[in-house]
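# Examination of the molecular architecture
Each chain, written out:
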Amino acid sequence: MKKFISYSTLILVIPLIIFSCNQPQTTITKPDYVIVIHGGAGNASNQDINEEEQKEYKEKLSEALSIGEEILINGGTCVEAIEKTINFLEDCPLFNAGKGAVFTHDGHNELDASIMQGWDLNAGAVAGVRNIKNPISAAIKIMSESKHVMMSGNGASQFAKEQGLEIVDSSYFFTENRWKSLQNILKSEKHGTVGCVVLDKYGNLAAGTSTGGMTNKKYGRIGDSPIIGAGTYANNNTCAISATGHGEFFIRYTVAHDISALMEYKNMSLEDAANVVINDKLVNAGGTGGIIAVDKNGNISMTFNTNMMFRAYAKSTGEKEVAIFK
Ligand code: ASP
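In this text, all values refer to a predicted model and were calculated from it rather than measured experimentally. (Residues numbered from 1 in each chain as written. Predicted model: local features only at pLDDT ≥ 70, side-chain atom pairs only at ≥ 80, totals over all residues. Heavy atoms only, no water.)

## A few points about the overall build of the protein
Looking only at helices and strands, one finds 9 helices and 12 strands in the protein. Residues counted as buried form 54% of the 326 residues belonging to the protein. Looking at the protein as shown, the accessible area adds up to about 14800 Å², and 51% of this sits on carbon and sulfur atoms. (Helix = DSSP H or I, 4+ residues; strand = E, 2+ residues; numbered from the N terminus. Buried < 20%, exposed > 50% of the residue type's maximum accessible area, 1.4 Å probe, protein only. Areas by Shrake-Rupley, 256 points an atom, 1.4 Å probe, with all protein chains shown as cover.)

## So, the site of the ligand
Not every one of the 11 residues close to the ligand is listed here, only the nearest: Thr193, Arg221, Asp224, Thr244 and Gly245. The backbone of Gly245 places a nitrogen or oxygen atom 2.7 Å from a nitrogen atom of the ligand. A distance of 3.0 Å separates an oxygen atom of the ligand from a polar backbone atom of Gly247. Relative to its unbound accessible area of 270 Å², the ligand is 100% covered by the protein chains. (Near = heavy atom within 4 Å. Polar contact = N/O pair within 3.5 Å; in protein donor to acceptor, adjacent residues only side chain to side chain.)

## A look at helix H2 (residues 51-73)
Because each turn of an α-helix spans 3.6 residues, side chains separated by three or four positions in sequence point in the same direction. End to end, H2 covers 32 Å across 23 residues, agreeing with the expected 33 Å (1.5 Å per residue, within 8%). Those residues of H2 that fall on the buried side of the exposure criterion are Gln54, Tyr57, Leu61, Ala64, Leu65, Gly68, Glu69 and Leu72. Phi turns positive, to about 85°, at Gly75, one or two residues after H2. (Expected span 1.5 Å × (residues − 1).)

## Section: the packing of helix H8 (residues 255-266) against helix H9 (residues 270-285)
To characterise two packed helices, one gives the angle between the axes of the helices and the distance between these axes. Packing of H8 against H9 leaves a shortest axis separation of 8 Å and a crossing angle of 135°. With respect to H9, the element H8 is oriented oblique. The two elements H8 and H9 cross, and the hand of that crossing is right-handed. In this structure, H8 contributes Val255, Asp258, Ile259, Leu262 and Met263 to the contact, and H9 contributes Leu270, Ala273, Ala274, Val276, Val277, Ile278, Lys281 and Leu282. (Axes fitted to C-alpha atoms, helices over the stretch in contact; angles between N-to-C directions. Parallel < 35°, antiparallel > 145°, perpendicular 65-115°, else oblique. Left-handed = near helix turned anticlockwise from the far one by under 90°. Contact = heavy atoms within 4.5 Å.)

## A few points about the pairing of strand S3 (residues 123-129)
Within S3, 7 of the 7 residues are buried, which leaves it mostly tucked inside the rest of the structure. As judged from the 5 bridges shared by strand S2 (residues 111-117) and S3, these two strands associate in the antiparallel manner. Residue pairing for S3: Met116 is matched across the bridge by Ala123. Turn length for the S2-S3 hairpin, with the two strands adjacent in sequence and antiparallel, is 5 residues, and the turn residue Leu121 shows positive phi of about 60°. As defined by bridge partners, S3 adjoins strand S4 (residues 150-152) across 3 bridges and the pair is classed as parallel. Residue Ala125 lies in a different strand from S4, and its bridge partner there is Met150. In this region the chain leaves S3, passes through helix H4 (residues 135-145) and returns to the parallel neighbour S4; the handedness of that crossover is left-handed. (Pairing = 2+ DSSP bridges. Right-handed = clockwise from strand over helix to strand, strands pointing away.)

## Looking at the packing of aromatic side chains
For any pair of aromatic rings, geometry is given as the distance between the ring centres together with the angle between the planes. Counted according to the given criterion, the structure contains 5 aromatic pairs. Pairing Phe103 with Phe174 gives two aromatic rings, centres 5.7 Å apart and planes at 65°, and the pair type is edge-to-face. With Phe103 in the loop between helix H3 (78-91) and S2 and Phe174 in the loop between helix H5 (153-162) and helix H6 (176-184), the pair connects residues that are 71 residues apart, well separated along the chain. For Phe103, a relative accessible area of 2% translates into the label buried. Exposure remark for Phe174: the relative accessible area of 35% places this residue in the partly exposed category. (Phe/Tyr/Trp six-rings, centres within 6.5 Å; stacked < 30°, edge-to-face > 60°.)

## Regarding the sheet that holds S2
With respect to topology, 8 strands assemble into an open sheet ordered S4-S3-S2-S6-S5-S1-S11-S12, the strand pairing being mixed. The two strands at the open ends of the sheet, each matched to only one other strand, are S4 and strand S12 (320-325). Adjacent strand axes in the sheet meet at a mean angle of 5° when their direction is disregarded. The pairing of strand S1 (residues 34-42) with strand S11 (residues 308-315) spans 7 bridges and is antiparallel. The partner of His38 across the bridge, within S11, is Arg311. Strand contacts of H4: S2, S3, S4 and strand S6 (205-211), with the helix running at about 45° to S2, the strand carrying the most contacts.

## A short note on the pattern of salt bridges
Scanning the entire structure with this criterion turns up 7 salt bridges. Between Glu59 and Lys55 there is a salt bridge, with the nearest N and O atoms lying 3.6 Å from each other. A residue pair is termed a helical-turn pair when its members lie 3 or 4 positions apart in one helix, as Glu59 and Lys55 do in helix H2 at 4 residues. Here Glu110 ties to Arg130 by a salt bridge, and the two come within 2.8 Å at their closest N and O atoms. One end of the pair, Glu110, is in the loop between H3 and S2; the other, Arg130, is in the loop between S3 and H4, and 20 residues separate them in sequence. The exposure class assigned to Glu110 is buried, which follows from its relative accessible area of 7%. Assessed through its relative accessible area of 34%, Arg130 is described here as partly exposed. (Salt bridge = Lys/Arg side-chain N within 4 Å of Asp/Glu carboxyl O.)

## Let's talk about the nonpolar core
Side chains that are nonpolar tend, in soluble globular proteins, to be buried together. Ile35, Ile37 and Val198 are the most contacted members of the largest nonpolar core, which has 50 residues in total. In terms of residue count, H3 provides more of this core than any other element does, 7 residues in total. Look past the residues within four positions of Ile37 in its chain and what remains in contact with it is Leu61, Ala64, Leu65, Thr85, Gly195, Cys196, Ile292, Phe310, Arg311 and Ala312. Counting residues in each nonpolar core, the second largest holds 37 residues, with Ala41, Val255, Ala256 and Met302 among its members. (Core = buried A, V, L, I, M, F, W, Y, C linked by side-chain atoms within 4.5 Å.)

Take a look at the structure:
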C-alpha cells in the first residue's frame with residue numbers, strides 16, 4: 001500500500017522541526033542557571049586594598065550573588081535576577097553605582113545604566129541621571145514600558161517617577177570616600193562599576209551594568225556602561241556581556257558586541273573571543289578594563305587586562321568563586 005503524509009500532518013510537523021532547531025543548543029553539562037557579577041576593574045595592587053577591605057568586598061559580592069541565585073533557583077527570570085542583584089550593589093556604598101557613585105569634575109553624581117535581553121534584543125538605558133535611586137531599574141522600565149532604548153537627564157528622571165521608581169535628593173549618593181577620591185584623584189584610578197550577566201533555566205541570556213562613571217569626569221560625559229554594544233550586550237545566539245573599565249575605549253572598540261560578533265561570525269569560543277578583544281585589541285589601543293560574560297551553553301569568562309577586577313560567579317552545578325586579584 002502506498003504510504004503518504006497528509007498536508008495536515010506536514011503543517012503540524014514542519015513548525016515543530018523548525019522550532020526545535022531554533023532552541024538554544026543543550027549540552028549534557030549545560031547548567032540550569034549561571035550568574036556572573038563584577039564590581040569594577042582597576043590597577044589597584046594588593047597593598048592598595050588592605051585585607052579587611054578585601055574581606056568586606058568579597059562578603060558584599062557573595063551577598064549580591066546569593067540574591068540573584070535565590071531568584072534563579074525559584075524560577076525567576078534572568079532580568080529579575082539582574083535587577084535585584086544590581087539593586088543590592090547600587091545600594092552598597094562600596095561600589096561605584098547608585099549610592100557611593102564617583103563625582104564629576106564639578107562635584108555631582110551622574111549615573112548611567114543599561115540592560116539587554118538576549119532573546120529579542122530588547123534593551124533599555126539611562127544616562128547622566130542625578131536622582132534615580134536605582135538606575136538599573138529605570139533602564140529596565142525604559143526597556144519594558146517605553147518605545148525607546150535610551151533616555152537621559154531630567155527626562156529619564158521624569159519617566160522613572162511616572163513609573164513609580166524611587167526618586168531621591170542628589171545628596172543621597174554622597175559618600176565621604178568618593179568625595180576624597182575626587183579631591184586626591186587617585187594615582188591608580190579605582191573603578192567600581194557593577195554588572196551582572198545571567199543564563200536562566202529557560203535558556204535565556206541577559207546582561208546589565210550600572211555605574212557612576214569615572215572619577216573627575218567632565219559634566220555631561222557619558223561612558224560605555226549605558227551604551228548597548230559597548231558596555232552591555234546580550235544575544236541568545238552567542239552570549240551576555242557586562243564591561244567595566246575606561247569607557248571611551250569600550251565605546252570606540254564596541255567591546256561587548258565585538259566579542260559576540262567574533263563568536264557569531266568566526267565561531268570562536270567565548271573565552272577566545274574575550275581574550276582577543278580585552279587582551280589584544282584593547283591592550284594595543286591602551287584601553288584598560290575587563291568583562292564578565294556567560295554564553296548560551298553556560299560557559300563563563302571573567303577577562304581583564306588590569307591588576308584586579310571585583311568578580312564572582314555561581315552555577316547551578318555548585319561551582320562558585322569570589323575573587324579580586326588575578
Ligand atoms: N566603564 C565606566 C565608564 O567609563 C567606568 C568603570 O567601569 O569603572 O563610565
